[in-house]
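Each chain is listed here by its residues.
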Amino acid sequence: MAFDLKGKSLLTLKNFSKEEINYLLYLAIQLKNAKKNGSLKKKLDGKNIALLFEKTSTRTRCAFVTAAYNEGAHAEFLGKNDIQFGKKESVADTARVLGRMFDGIGFRGFKQETVETLAKYSGIPVWNGLTDLYHPTQALADFMTIQEKFGFLKGVKFAFVGDGRNNVANSLMIGASKIGIDFSVVGPKSLFPQNELVAECKEYAIGSGASIMVTESIEEGVKGCKVIYTDIWASMGEEDKIQERIELLKPYQVNMDMIKMAENDNVIFMHCLPSFHNLETEIAKKYPDICEVTDEVFESRYSRVFDEAENRVWTIQAVMEATL
Ligand code: CP
Ligand code: NVA
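Residues numbered from 1 in each chain as written. Chains lettered and ligands numbered in written order. Predicted model: local features only at pLDDT ≥ 70, side-chain atom pairs only at ≥ 80, totals over all residues. Heavy atoms only, no water.

**Some words on the environment of Thr230**
Applied cut-off: A run of DSSP states H or I qualifies as a helix once it reaches four residues; a run of E qualifies as a strand once it reaches two. Both are numbered from the N-terminal end. Relative accessibility decides the category of a residue: with a 1.4 Å probe and only protein chains considered, values under 20% of the type maximum give buried, values over 50% give exposed, and everything between is partly exposed. Contacts are assigned to residue pairs that have any heavy atoms within 4.5 Å of one another. Here a polar contact is taken to be a pair of N or O atoms separated by no more than 3.5 Å, where protein atoms must pair a possible hydrogen donor with a possible acceptor and residues adjacent in sequence count only if both atoms sit in side chains.
Assignment of secondary structure puts Thr230 in strand S8 (residues 227–230). We classify Thr230 as buried; its relative accessible area is 0%. Between the C-alpha atoms of Thr230 and Lys285, which are 55 residues apart in sequence, the distance is 20 Å. Leaving out residues up to four positions away in the same chain, Thr230 has contacts with Val161, Val254, Phe269, Met270, His271, Cys272, Glu292 and Val293. Within the local environment of Thr230, its side chain forms a polar contact with the backbone oxygen of Val161, the two atoms lying 2.7 Å apart.

**Observations regarding the sheet that holds strand S9 (residues 268–271)**
We count it as follows: By definition, two strands form a pair when at least two bridges between them are found by DSSP. Here, axes are lines fitted to C-alpha atoms. For helices the fit covers the stretch in contact, and angles between N-to-C directions go from 0 to 180 degrees.
The five strands are arranged S7-S6-S5-S8-S9 in an open sheet whose pairing can be described as parallel. Pairing within the sheet leaves two strands with one partner each, and these edge strands are strand S7 (212–215) and S9. Strand-to-strand twist of the sheet, defined as the mean angle between neighbouring strand axes without regard to direction, takes the value 20°. In terms of strand pairing, S8 meets S9 through four bridges, oriented parallel. Each residue of the ladder has a partner; that of Tyr229, found in S9, is Met270.

**Some words on the site of ligand 1**
For clarity, the cut-off: For this description, a residue counts as near a given molecule or strand if any of its non-hydrogen atoms is within 4 Å of it. The Shrake-Rupley method, run with a 1.4 Å probe sphere, supplies the accessible areas, and residue values consider only the shown protein chains as cover. Here the term cavity refers to a set of points on a 1 Å grid, laid over the protein atoms alone, in which a 1.4 Å probe fits but cannot get out; the term pocket refers to an open set having protein on both sides within 12 Å along at least five of seven lines, with lining residues being those that place an atom within 4 Å of a point. A molecule is said to be in a cavity or pocket once over half of its atoms fall within 2 Å of that pocket's grid points. The classification used treats Ala, Val, Leu, Ile, Met, Phe, Trp, Tyr, Cys and Pro as nonpolar, Asp, Glu, Lys and Arg as charged, and all other residues, Gly among them, as polar.
Residues in close proximity to ligand 1 include Ser57, Thr58, Arg59, Thr60, Arg108, His135, Gln138, Cys272, Leu273 and Arg312, which together make up its full environment. For ligand 1, an oxygen atom lies 2.7 Å from a polar atom in the backbone of Thr58. Burial of ligand 1 by the protein chains amounts to 96% of its free accessible area of 250 Å². The pocket occupied by ligand 1, as judged from atoms lying within 2 Å of grid points, is the largest pocket. A breakdown of the residues in the shell around ligand 1 according to their chemical character gives two nonpolar, five polar and three charged.

**As for the sheet that holds strand S2 (residues 74–79)**
An order of S2-S1-S3-S4 is seen for the four strands of this open sheet, with the pairing classed as parallel. With partners counted over all chains shown, the strands left at the sheet margins are S2 and strand S4 (126–128), one partner each. Along the sheet, successive strands turn relative to each other by an average axial angle of 20°, direction set aside. Where strand S1 (residues 48–53) lies against strand S3 (residues 104–108), five bridges are found, and the strand directions are parallel. Within S3, the residue paired with Ile49 across the bridge is Gly104.

**What about the site of ligand 2?**
The immediate surroundings of ligand 2 are formed by Leu130, Asn166, Asn167, Val168, Asp231, Ser235, Met236 and Leu273. The protein chains hide 97% of the 270 Å² of surface that ligand 2 would expose on its own. A molecule is said to occupy a pocket when more than half its atoms come within 2 Å of that pocket's grid points, and by this definition ligand 2 occupies the largest pocket. Taken together, the residues of the shell around ligand 2 sort by class into four nonpolar, three polar and one charged.

**Comments concerning the nonpolar core**
Condition: Take the buried residues of types Ala, Val, Leu, Ile, Met, Phe, Trp, Tyr and Cys, join any two whose side-chain atoms come within 4.5 Å, and each joined set is a nonpolar core.
Of all hydrophobic cores here, the largest spans 61 residues; its most connected members are Phe143, Ile146, Phe158, Leu172, Phe183 and Met320. Discounting chain neighbours no more than four positions away, the residues touching Phe158 are Ile146, Leu172, Ile181, Asp182, Phe183, Ser184, Cys225, Val227 and Tyr229. With 32 residues, the next largest nonpolar core counts Ile232, Ile246, Ala262 and Val293 among its residues.

**Focus on helix H4 (residues 112–122)**
Buried within H4 we find Gln112, Thr114, Val115, Thr117, Leu118, Ala119 and Ser122. Looking at the packing, one finds that the buried side of H4 touches S1, helix H3 (91–101), S3 and S4.

**Focus on the layout of surface pockets**
Our working definition: Grid points are joined across faces, edges and corners, and a volume is the space filled by probe spheres set on the points.
Counted as a void, the largest pocket has a volume near 600 Å³. When residues of the lining of the largest pocket are traced back to their parent elements, those giving at least two are helix H2 (59–70), helix H6 (167–179), helix H9 (242–249) and helix H11 (282–286). Each residue belonging to the lining of the largest pocket can be placed in one class, and the counts come to 13 nonpolar, 10 polar and seven charged. For the second largest pocket, the calculated volume is near 280 Å³. Contributing to the lining of the second largest pocket are 18 residues, with Asp132, Leu133, Arg165, Asn167 and Asn170 lying nearest its centre. Elements represented by at least two residues in the lining of the second largest pocket include exactly H6 and helix H7 (195–208). No other element matches H7, which puts three residues into the lining of the second largest pocket. Residue composition of the lining of the second largest pocket, grouped by class: five nonpolar, six polar and seven charged.

**Regarding the pairing of strand S5 (residues 157–161)**
Looking along a regular strand, one sees the side chains alternate between the two faces of the sheet. Burial runs high along S5: four of the five residues are buried. Looking at chain direction, S5 and strand S6 (residues 182–186) are connected through five bridges and run parallel. Bridging from a neighbouring strand, Phe158 pairs with Phe183 of S6. Across four bridges, the pairing between S5 and S8 is parallel. Looking across to S8, one finds that Phe160 is bridged to Tyr229.

Have a look at this one:
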């Protein structure tokens, strides 16, 4: 199995076919095994990777850096306060400069338009490490984690519970509809994904046999599920909406009652992280009802959250190796 993805940017999974997504997952699993048995080859020796980050990050930044190092490449972190970008220099000019010096760009930020402009003007592969709209490398790591747990992806029943119109939900729905995962978004109507995106995913689903459901009913969305997934209720840049989201999403907190509603002892709990599963952080102390998942579920045998975090490395490494 091999696909020629050389030179291609990963801006959203919309631009990747089912076969290309499956190939990236296959490659990621190969890379993980190779690292574990000491046979990993440095295929990107001498390449330079720019990491342009407008928003904060632990997993995505570390995954890019370690994946680059694993491949023999150098990663240079460019935080938004370190460079001229956005203050003195336009996106297009920054893109053209980075394109002359680097071989690939990992971007994290606000507008989807920014990552698209970087790709348009830099002339090198650009990888979206999260925008307000999408988080495609996260979805790849999540699919890899499901593949590892169950041995297959097609026909897996998956429920995303909570803020159904956020970047993670959007990317999971796009990827799931392409690769044949039966996907439900479970949450309040005001946080349903955009109708246009649901319609687009239903089109992709025709080709893969996936089903797409959007529902307010936890019972309907979660029953028979193999995967229950959630994310924080207010994403980066939405800090002013925390209180409003707590009120809307409290009934959708992932707790043991919800896990039982899956009626499947093999069900797994997934989360892209970071998570407010206890009150140890500054924000959680200020908003004690912010927990999108209980500590009991997060720390339970159902939880696969740290497998997902680790798999960020292998999927990002697969994307870099395939596109460079
Ligand atoms: N899941 C994820 O993207 O984590 P970071 O925000 O820490 O990169
Ligand atoms: N939806 C979250 C994901 C964090 C990885 C955010 O955008 O903050």
